[in-house]
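Breakdown of the fold
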Amino acid sequence: MGSEAGGGRAERRRLARRVKRRRRTRRVGELPLLVIVALCIALVLKTFLVQAFFIPSGSMEQTIRIGDRVLVDKLTPWFGSKVERGDIVVFKDPGGWLRGETARTAPDPVVVKQIKQTLTFIGLLPSADEQDLIKRVIGVGGDTVVCCDAQGRVTVNGSPLDEPYVNPGNTPSDIRFEVTVPKGRLFVMGDHRANSADSRFHLDEAFAGTISEEGVVGEAVVIAWPFGHWRRLETPATFRMVPDQARTGRRGPGRRRRGTPFA
């Protein structure tokens, strides 16, 4: 009886070891599939839902600083949501705008660079090489944007903007202009007005420095990194006071007012 009981225990141990080996083998075999599924999910998120972007320049300081990572909502435009005044948007370079942006990035060691490139490809890290810009929308199609009124404020459809987000020490604009934004286009400015090559610097080009809505990648909704600078990017209340119809009337697609810059 003792030997039979001992033989039964040994057989059960052998069966248990076999089951463990099979489970271990199954897990190892499933790992590549899980990795592929995770990569596919990350790529779908990056392509259609949310994408991280690296901020290499100071054109949006102090709202968004050099080195910040922002998350951009790419989903809502699929449901017909329109860009609104005050939104911070990431958009494709319309042509030559990036030359006016001062980027500051430190080079990475070779191994770190390769790891970052892999993570960037699957959307787990933002790319520092994207040919995109980030600015605040000041005017949408049909708006008349003017600098400046008697108090030195930018106005939209005759309504002056209270702009606490403008970088301390900057004026609302050192360049005088008056632009009526064409339909389907946007007039954009950086919050660091003295360090942003935005719509004001392209007024003599086609469409008076405005960008196409079709070139917008998405709306920046949150600063995700570093954690100490985490915050939601909300539309300032001043834009809710802007009327939809221009009070000053249309004056063509827009033009720069010549003369000395506003100070």
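Here, residues in each chain are numbered from 1, in the same order as that chain's written sequence. Per-residue local features of the predicted model are confined to residues with pLDDT of at least 70, and side-chain atom pairs are confined, for both listing and counting, to 80 or more; whole-chain, interface and lining totals are unaffected and use all residues. Excluded from the side-chain calculation are hydrogens and water; included are all heavy atoms of the structure.

1. Remarks on the overall build of the chain
Helix and strand content of the chain: two helices and 13 strands. Residues count as neighbours in contact if any of their non-hydrogen atoms are within 4.5 Å of one another. For the chain, long-range pairs separated by at least 24 residues make up 76% of all intrachain contacts whose partners lie at least 6 apart in sequence. Carbon and sulfur atoms make up 57% of the accessible area of the chain, which totals about 15300 Å². Only DSSP runs of H or I reaching four residues or more are called helices, and only runs of E reaching two or more are called strands; each is numbered from the N terminus. Areas reported as accessible are Shrake-Rupley estimates using a 1.4 Å probe. Residue values count occlusion only from the protein chains shown.

2. Quick word on the pairing of strand 3 (residues 88-92)
In this scheme, a residue with accessible area under 20% of its type's maximum is buried, one over 50% is exposed, and one in between is partly exposed, where area comes from a 1.4 Å probe on protein chains only. Of all five residues in strand 3, four are buried; the element is thus mostly enclosed. Strand pairing is defined by DSSP finding a minimum of two bridges between the two strands. Bridging between strand 3 and strand 4 (residues 132-139) involves five bridges; their strand directions are antiparallel. Across the sheet, the residue bridging to Val90 is Ile134, located in strand 4. The sheet contact formed by strand 3 and strand 11 (residues 216-225) spans three bridges and is antiparallel. Note on strand 11: the bridge partner recorded for Phe91 is Val216.

3. Quick word on the state of the cysteines
For the purposes of this analysis, a disulfide is any pair of cysteine sulfur atoms at a distance within 2.5 Å. Enumeration according to the criterion identifies one disulfide in this entry. The disulfide partner of Cys147 is Cys148, and the S-S distance across this bridge is 1.8 Å. Sign of the S-S torsion, about -65° for the bond between Cys147 and Cys148, identifies this disulfide as left-handed. As far as the burial class goes, Cys147 and Cys148 line up, both buried.

4. Structural notes on the side chain of Asp68
Inspection of the secondary structure assignment puts Asp68 in the loop between strand 1 (50-54) and strand 2 (69-73). None of His or the chain ends enter the tally, which takes Lys and Arg as positive and Asp and Glu as negative. Salt bridge criterion: a side-chain nitrogen from Lys or Arg within 4 Å of a carboxyl oxygen from Asp or Glu. Buried charge without a salt bridge: Asp68, with Arg65 as the nearest opposite-charge side chain at an N-O distance of 5.6 Å. One polar contact links the side chain of Asp68 to the main-chain amide nitrogen of Arg65, over a distance of 2.8 Å. For Asp68, the side chain forms a polar contact with the side chain of His229, separated by 2.7 Å. Ignoring anything within four residues of it in the chain, the contact list for Asp68 reads Phe53, Phe54, Ile55, Ile223, Trp225, Pro226 and His229. Whenever a nitrogen or oxygen atom comes within 3.5 Å of another N or O atom, the pair is scored as a polar contact, on the condition that within protein one atom can donate a hydrogen and the other can accept it, and that pairs from neighbouring residues in sequence are kept only if both atoms are in side chains.

5. As for the environment of Asn157
As for its position among the elements, Asn157 is in the loop between strand 6 (154-156) and strand 7 (159-160). Residue Asn157 is classed as buried on the basis of its relative accessible area of 0%. Note: C-alpha distance between Asn157 and Gly142 (15 residues apart in sequence) is 9.0 Å.

6. Regarding unusual backbone geometry
Omega for the bond connecting Cys147 with Cys148 falls within 30 degrees of zero, at -5°, which places this linkage in the cis form. Turning to its location among the elements, Cys148 is positioned in the loop between strand 5 (144-147) and strand 6. Here Trp225 and Pro226 are connected by a cis peptide whose omega angle stands at 0°. Relative to the helices and strands, Pro226 resides in the loop between strand 11 and strand 12 (231-232). For Asn157, which is not glycine, the phi torsion reads 55° and is therefore positive.

7. Side note on the pairing of strand 8 (residues 177-180)
Across the two faces of strand 8 the burial is the same, with Phe177 and Val179 and Glu178 and Thr180 all buried. Summarising the sheet, strand 5 and strand 8 pair through four bridges and their orientation is antiparallel. Bridge pairing in strand 8 links Val145 to Val179.

8. Thoughts on the nonpolar core
By nonpolar core is meant a set of buried Ala, Val, Leu, Ile, Met, Phe, Trp, Tyr and Cys residues that side-chain atoms within 4.5 Å join together. By size, the foremost hydrophobic cluster in this structure holds 18 residues, and its most contacted members are Ile138, Val145, Val154, Leu161, Phe177 and Phe187. In this structure, Val154 is in contact with Ile138, Val145, Val146, Cys147, Cys148, Ser159, Pro160, Leu161, Glu163, Pro172 and Arg193, ignoring residues within four places of it in sequence. With 13 residues, the next largest nonpolar core counts Ile55, Ile64, Val217 and Ile223 among its residues.

9. Overview of the packing of aromatic side chains
Note on ring pairs: Phe, Tyr and Trp rings are taken, using the six-membered ring of Trp, and paired if centres are within 6.5 Å. Classes follow the plane angle, with under 30 degrees stacked, over 60 edge-to-face and the rest tilted. Under the criterion given, the structure shown has four aromatic pairs. On the basis of an interplanar angle of 90° and a centroid distance of 5.7 Å, the ring pair of Phe91 and Trp97 is categorised as edge-to-face. For Phe91, a relative accessible area of 1% gives the class buried. When the centroid spacing of 6.3 Å and the interplanar angle of 15° are considered together, the rings of Tyr165 and Phe239 count as stacked.

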